[in-house]
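Summary of the model geometry
For reference, the chains in residue letters:
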Amino acid sequence: MWSRTILLIAVSFCGSLYPSAPTHESEDVPVVFTKTAKPQPLFDMLLYPVRIQSQINATVVAEADAIVTKVVAPLGKTVGLHAPVLILKHIDPVYHYRPLVIPAPVAGVVSSMEVSQGTRVTKGQKLASIMDPKQLSAIAEIASGDLASIQLGLTAEMKLNGSSKPYSVTVIGVSPQLDPVTGTATCLLALENRDVTSVPSGSLGKVTFKVRERRAIAIPEHALVYRENQVFVRIVVNNTARFIPVNVGTSRGGIVEITSGIEDGMSVILRSSVYVAQGERVKVQPAESAEFE
Amino acid sequence: MLNLNKLYGSPLRVYLLLGALAAAGLWCGFHLPISLFPNSAKPEVYVSIAYGTSTPEEFLHTFGTDLEEQLRRLNSRGIEVESIEAQYKRAQAEYNLKFRWGMNSQNAEREVANIVNAFASRLPQESRESLNIGLRNQNAGFLAISFYSESQSLDSLYDLLKPALMPQILQVSDASLPVLYNPDQREIRIDLKPDVMATLQLVPRHVETAIQAELKGTTGGSVSNGKGTIQLEMPRQIEKIEDLNQVIIPTPSGKIVHLSDIAQVDWAPKSGMNEIFKSSGSPSLILWASPRPGGNVKRMSEQIIEMVNRSLKDLPKDIHSRVLVDPSFFIRSAVQNVFQEVIIAALLAVVVLFVFIGSFRNVITAAIEIPLSIVLAFILMRWFGINLNLISLVGLALSAGMNVDASVVVMENIFRHFEANPGPKDAATRLRILAEAVNEVRFPILASTLSSLVVFLPLTFTTDLSNALLGDLAYAVVFSHGFSAIVALILVPTIRLQLMARGTEKATHSPIEAPILWIERTYAKCLSWFVSKPAAQAGSYVVLAVLLAFLFVKGLPRLPREIVGLPDTDWVVLDITTEGNTSSRQLETTVGEVEREVTRLLGARLDYTFTQIYDANEGTILARLKDKRDMKVAWNDMERRFRNTPFMKFAVSPWNPSELPIPDPPALRIDVMGPDGNKRGEIAKDLADYLEESKLYSRLSTIPHTHAEKTVTFLPHMNQWQALAKEGISLRPNDLADLSLVATTGRQVGKFPIKNESIAIVLRFAEGGSKSTEDITSLPIGLGAKIVPLAALMDVKAILAPSSLFRLNGQELTRIEGRLDKAKESSKGENLRRAKLLIHGWISDHKATLGSSYFVHFQDADVELNDAIHQLAIALGLSLIIMFLVLLLQFGSLGEALIVLVSVPLGFIGVILSLWLFHSTLSLNSILGIILLNGIAVANSILLVDFGNRVRREQGLSPDCAVVEAARKRLRPILITSATTILGMLPIALGLGDGGKILQPLGIAVTGGLGVSTLFTLFLVPALHSLWLRREAKVSAVNDISSPMAPRPSPTLMIWILLSLLLGSARVEAVEAAPLTFEQAITAIVDRSPQVGIERGELERTQAKNIPAGYSFLPQLSLSASEFRSTDTTSASRSYGATSSLNLFRFGADLAAFRAAGLEEQSRTHFIRASILKAESEASTALFGVLQSELEIKVFQETSTLTKDLLSNSKARFQKGFVPSQEVEKIEIDLENALAEARDAEIRVQQYRAELRSLLGHDNISLAWPWKDRFEKQGVTPLSALSAQVGTRPDWLAYEKKVQAADKRVDQYLGKLLPSLDLNFSYSSDLRATTGLSGAYWSGALIVSVPFLDGLVGYSDYREKIKTKSIAELEFEQTKRIAAKEWQSAQATLRISAETARSREVTIQAARRIYSDNLERFHRGLVNANDLAVEYRRFLTSELLTVKGWAVAHQSLVKVCLSAGQRIDSCLRVWDQLETRRAPDLGASPTKPTPPHKIGN
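Computed from a prediction, not measured in an experiment: that's the story for all the values here.

1. Digging into the overall build of chain B
Regarding its fold elements, chain B presents 42 helices and 35 strands. When each of the 1497 residues of chain B is scored for burial, the buried share is 48%. In chain B, once contacts between residues fewer than 6 apart in sequence are set aside, the share between residues at least 24 apart is 80%. Carbon and sulfur atoms make up 58% of the accessible area of chain B, which totals about 69,900 Å².

Structure below.
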């Protein structure tokens, strides 16, 4: 899992900030802790709040002015298609010859019941809603700037608030229109896991899109040296410290991408026992050896 | 005058009197507060204010600069603030006000609090609540006791301990604010559920408003029912934490929810930045107490520890306590140590006495003086509020050695007198002889005591650091030594008389008499050899002079400098600063690792550690050693081990719980200045990294941290917010920032009282808040039915911004400070030199980066030390001068006074050599040692010279024999004095004990210096003296023949006169007229005014009087000496008169006089300013005259050239017969007139120049003004504008207010006036050497008078000054009015003449057109030459007029600039406008008209 790799690297680098067991070093030659530069998988992350909703969400309405005589399917009851949900009695005595049975328009679970026995309802009034908790999807509002990166079929990871369980989601639809009020376009995400029943519809979560996946060299941010508006990375060549000007890309979690300047296999100084000058002789102590534990 | 003689006869009275005094002294001694250092303060007050919801920049611009400005105004209220440092950090602003030495700490705090509290009303509520003002005393000792228990949590421990301990501890009067600190602090946390919030479209604002409304109780008024009043009130709805759950929150959609629906309310440990304290690893409660300013830290600690121990007995047994830091123990041991040294010094003095005197009884008689004068000194110490501290105790130790001298002299003289009158005597005779003996020495004893005290006097009047440190020492010596003279004159004779009555009146002999005699003989032999060998003498002088010069040039600057050595301590402090941590738990891990390393490194030497973590990036490990002696090794080891890395900085230092803010300056201090904080930080960081890489300094730091931190900015999408508003959604961009605040750090929305403590209520998001930028940008926000991310409404951008901003006295700067490891401190100077080279190189390499607005400045880091050393050097110089004057008074001969002073440079040799040999330092103490040494060394050589003179006079020996004899006889007393002092100082010089460390340099300086000085003095002084006596014999022989009254011209004086003449003439030659700018010229003119010179001189004197206030208390000695020598060669008589007035006490009168002097200074300054104004106006008039006339000359020369052309033309035409002769004559007259006018102008130039010369001495004012080029480019000769700058004159109104304030103050002081004590003494000595007897008859009178009040004189002077001031003010007003008038008239002239010139230009064009038409027609033969000539003249005339018109306009422009004070640029703008408005076809310059067409060629 990428996030875990990133986390591991971040933790290990953060750990390397401070000497875990400082060793006695000789006073003249500074000790430097290095790491060999290797391209590693990198990506940009886009985080969005999502709301879970059921793909099936039906409303049961009164067909005529009537009084509720019986709630057949109370809240939470699973109903089949056309199964009776409510039984009403028409207000007009003309129709009293038979009860008015309100059937379920879809198969699902009664998610809200707004009337009870004896309630006087008018024609067209919403009585109950039925949804299918097994057919869930997620809605995210995507800011205009990120729309280009979100394509159909893109998979992403979703976590619901209050739980750490990851769900895998796929983009199945993006609205071609921006809402003028929010400046966002709605994006529909399909949940892939089978065990979605435990997810209540309407709950909020966060989805993480990973875009622009690539391989590049990344080093901890603290290994950068800023000199006169230029960014340098110190490397060791033949036990001598060198300052190499670099271009940096995006940074996340204390790890920064080096877009140019550092090549595969260079020995990068992560930290040093004292300040090190350009061309100074140093004693190398690889950071990997002790500090990955 | 007291009749002492009677007193000796009644011993009981003497004993009773002195016994009572001694009892009082003992009582005072036991009740003197004990502290480590003198009780002198240099307060630092800090103010910290949290920003609340605003950003640092916002806060700085809205409040920060204003507050700084208000704080700076303290200075104008007479409260001297040394510096105001302001640091705008990430979350709060911190202000640090450093006051001057001697400022009362509480006053300082109160003044600052007044200002800040008044200002606070402007601050937003959150900032107001966070406001914190306090006294910072980093050196003040504090008491820390930790409490921990295996079975109880910190919370329950706290609940148990607080009621048991704190009520009584709060009663301790010396403590300022004792607290029992529970690091596990709790808060009421409201964890909001973000999804529910979003669904309900709630933002934290809604919750905050609802909670705050419920937290308030409101009154419903009251009703009166006849019997009483009934109060109506609605109490606060929330009683318990659980009640918070029921707070009702209305949502925007109209629903009503309870807080429990959207959040969880918790009573939880405080989140985020937490202070952590651990003692030897286990978390503990800490009891902190620090002394209030002036409070006694030792007493405070003792009381609190006692209370804690008592209370713990009643509490459960598993509660442990540990005294982490106990300054009382430290102070006790340090002070005890020095007390032991005092006793050792006294004992050694007694031993020396015994060795030289012999009789035990006599030794006791003499030695009783030592404790007695110390005990008596306690009385005065209590009176003057001087503590028993390391410094004053050492003063007492010093005086112990000096004090026996007086009683030894008294005893010796008594013995001598009794030996001179052998045989049995009755009581009355004994008393008579004794009184005679004592009277004989009374004056010399008083005089010599006074002279040794006089040496210390300058010390008592130094200010700042040196006074704070050494003032007490000087006072202690003066008190104790002063009493020793009195005791010697009263008690010693009384005891002696009683002993005599028992028949013990013989002087006894030393137990080691034989060796001493042998030494005396050998010394005499060596000395007579030395005296008789001029070559050896000359050689040794040369060697010593070269040695002295070498030591001064090479040795002295290389000696390491320090302010004062500190007593040994067993505490090592390791400060740790990291970068980038976000929570204190992170640092805890790091510090834990470092602590483990410290434990490993110190090993068995370590007793325990005490860790403090203040915030996420700052922590301290205090390591306590088992043995103080390991300190040096431990310190070195730690410095070597913990070296700075780019991410972590360490500082190691020993820690002393002292009260005195002894400065600990860095070895290097550089300021980077420039407008932009970001760029400044970058420059400073580059420079600091560059220096780090050079490895010159082991610890470099920057203020503020240059570490740039990521800042995330929110930029709302405005069009979208408008769309939202249209939809009726009441969301504001601030709500989102607020949301982010709640989501990240949490927001405090109120306080709630629990168990008498107010607990913060903090709003936060559940799940520990957001951790990354992505988390924040994706915060859900409910908009209608949609849930959108925060990023949809705002642009979220991460930028790098400096973490904080530092302002020193209102100026933003970044400061780089470098420190050296202790082991490398000796190479400080060398490193600084190399660093300077490096940085100069760096600056020249980075010119492009620095540009013209960024600067790198070196600061003198040691400014306080250097000032102090400088001050002490002045004190040393003054004491030398006083000594010289006293010597002159005593010997009446310049030569002998100088011979006596030879011991001073000899002492210098010894001091520098020994300091260098023993690796000691040049510190305040070692300079004090030199001052002290001078007193003793000179006393020795006085004995030699004085006795030499006496022997020669009394025994009529040859000079050589006389000095050798005198030296042999005086060897013993000299050895006694030197040995007592050297031995007394030896424990200190060896650095035994704690006090030894502080005063080791002093001890080394005194022992080394005195040793060397005594050795050489014993040979050189007699040798020089014999030379002098030989020369004197010759001179007197010559004088006897010529004239008895002939004054002896002093060769030195002659050389001085010659030198000053030479220098004077050289200076006269040097005043050669170099070209001056206008400003310089004005300065020169002002300098030439004799009145200004006088006023300046007075001003300087006033300032000198005023600024180093102390020095005016110095004794003023005036001296007259005359010598009469009658023709009778056997008798000579001399008389000397001297008056000396010693203002011994600082009283109100003197203060009033200083205030008056201050006002005098102001009025003189104003007079000088008025003179400058006058000089300016005079000079500008003259200069303007010169410039105008020179311009006129040019115009008239131009005119005459033109006329000449016309004349030759006319002549030609006349010859051809075209014009009549009158025409030519007319033109000739014109020419003559033009030339005459030019000459007139020239005369005017000369007149103005003469005026300039009379003002300035020459007329060479160069016109090299910066705007000259610009003027010249525009065709304007450098008749540049001169700015009189009326606008920038002194603010008389402000001045008036100051005078009124001063008025009030002077009145106050007058109320406090007290008489100052004047001590007048005069003496004359009348020597009749006719008989061979020892015939020195002394008569002396000591008049103690209470003369009139100096202050009154100062006050009346001050009244005079007010008058002078108002006259000066009037003059200034007049000048201003005249200037304004001139400005108006010059402006009018400019306008009119420019108009005129422009209208004339129209004429010129017409004339030119007509002329050229005519010329053409003339060529075609249509016009005759006469008509053409007429047209040509018309053209010329109009051109001339235009030239003149422009010239006048131009002159007025100059005058405008001259008289008005407009800035030059604006003048130039006026000029530019005129230029553009002019007709385009005219020549570029009006002063250079186009030459007319030549005709006739």
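2. What about the interface of chain B and chain A?
For an interface, size is often stated in terms of accessible area lost upon the parts coming together. Chain B puts 50 residues into the contact, and the matching count from chain A is 46 residues. Summing both sides of the interface, chain B and chain A together bury roughly 4,200 Å²; the carbon and sulfur share of this comes to 54%. At the boundary of chain B and chain A, one finds two salt bridges. Linking chain B to chain A there are one residue pair in polar contact (both at pLDDT 80 or more). Of the residues contributing to the side of chain B that touches chain A, the split by class is 17 nonpolar, nine polar and 24 charged.

3. With respect to the confidence of the model for chain A
Residues and elements named next belong to chain A. Confidence in the prediction for chain A averages 78 pLDDT; 85% of positions are at 70 or higher. Throughout residues 1-26 the model reports pLDDT below 50, and contacts reaching past four residues in sequence, or to other chains, amount to 43 contacts. Between residues 289-293, whose pLDDT stays under 50, and residues either more than four places distant or in other chains, the model counts six contacts.

4. Some thoughts on the sheet that holds strand E15 (residues 285-289) of chain B
Residue and element names in this part refer to chain B. The four strands are arranged E6-E15-E5-E16 in an open sheet whose pairing can be described as antiparallel. Looking at the sheet topology across the chains shown, the edges are occupied by strand E6 (179-181) and strand E16 (319-325). Ignoring strand direction, the axes of neighbouring strands in this sheet form an average angle of 20°. Bridge analysis of strand E5 (residues 143-149) against E15 gives five bridges, and the strand direction is antiparallel. Directly across from Phe147, in E15, lies its bridge partner Leu285. Across the sheet, helix H6 (residues 154-169) is in contact with E5, E6, E15 and E16; its angle to E15 comes to roughly 25°. Here helix H10 (residues 297-313) sits on the sheet in contact with E5, E15 and E16, set at roughly 15° to E5.

5. A word on the sheet that holds strand E8 (residues 108-113) of chain A
All names here are of chain A. Spatial ordering of the open sheet is given by E3-E10-E8-E5, a layout of four strands whose pairing is antiparallel. The sheet is open, and its two borders are formed by strand E3 (57-61) and strand E5 (78-79), each paired with just one other strand. Here E5 runs beside E8; their pairing, made up of two bridges, is antiparallel. Bridge pairing in E8 links Thr78 to Val109.

6. Overview of the packing of aromatic side chains
Aromatic ring pairs are defined here through the distance separating the ring centres and the angle between the ring planes. In the structure shown here, the tally under the stated rule is 13 aromatic pairs over all chains. Aromatic pair Tyr88 of chain B and Tyr95 of chain B: ring centres 5.8 Å apart, planes at 90°, arrangement edge-to-face. We classify Tyr88 of chain B as buried; its relative accessible area is 2%. Relative accessible area serves as the criterion here: at 0%, Tyr95 of chain B is assigned to the buried category. Judged by centre distance (5.1 Å) and plane angle (45°), the rings of Phe642 of chain B and Phe650 of chain B are tilted. Across this residue pair, the class does not change: Phe642 of chain B and Phe650 of chain B are buried. Put simply, the rings of Tyr51, Phe59, Phe63 and Phe119 of chain B pair up and form one aromatic cluster. Sitting over the ring of Phe43 of chain A, Lys210 of chain A keeps its end group 5.4 Å from the ring centre. For Arg641 of chain B, the ring lying beneath its charged end belongs to Phe642 of chain B, and the centroid distance is 5.2 Å.

7. So, the pattern of salt bridges
Counted by the stated rule, this structure contains 25 salt bridges over all chains. The salt bridge partner of Asp735 of chain B is Arg205 of chain B, with a shortest N-O separation of 2.6 Å. Placement of Asp735 of chain B in helix H23 (residues 733-744) and of Arg205 of chain B in helix H8 (residues 204-215) is noted, with a sequence separation of 530 residues between them. On the basis of relative accessibility, which here comes to 3%, the residue Asp735 of chain B falls in the buried class. In this structure, the salt-bridge partner of Glu812 of chain B is Arg680 of chain B, at a minimum N-O distance of 3.3 Å. Within this pair, whereas Glu812 of chain B is found in strand E30 (residues 811-819), its partner Arg680 of chain B is found in helix H21 (residues 677-694), the two being separated by 132 residues in sequence. The class of Arg680 of chain B is buried, set by a relative accessible area of 2%. One network of salt bridges, in which partners are shared, links Asp44, Arg212, Arg214 and Glu257 of chain A.

Each value, and the rule that gives it
- Residues numbered from 1 in each chain as written.
- Chains lettered and ligands numbered in written order.
- Predicted model: local features only at pLDDT ≥ 70, side-chain atom pairs only at ≥ 80, totals over all residues.
- Heavy atoms only, no water.
- Helix = DSSP H or I, 4+ residues; strand = E, 2+ residues; numbered from the N terminus.
- Buried < 20%, exposed > 50% of the residue type's maximum accessible area, 1.4 Å probe, protein only.
- Contact = heavy atoms within 4.5 Å.
- Areas by Shrake-Rupley, 256 points an atom, 1.4 Å probe, with all protein chains shown as cover.
- Buried area = accessible area lost by both parts, 1.4 Å probe.
- Salt bridge = Lys/Arg side-chain N within 4 Å of Asp/Glu carboxyl O.
- Polar contact = N/O pair within 3.5 Å; in protein donor to acceptor, adjacent residues only side chain to side chain.
- Nonpolar A, V, L, I, M, F, W, Y, C, P; charged D, E, K, R; others polar.
- pLDDT = per-residue confidence, 0-100.
- Pairing = 2+ DSSP bridges.
- Axes fitted to C-alpha atoms, helices over the stretch in contact; angles between N-to-C directions.
- Phe/Tyr/Trp six-rings, centres within 6.5 Å; stacked < 30°, edge-to-face > 60°.
- Lys NZ or Arg CZ within 6 Å of the ring centre and 35° of its normal.

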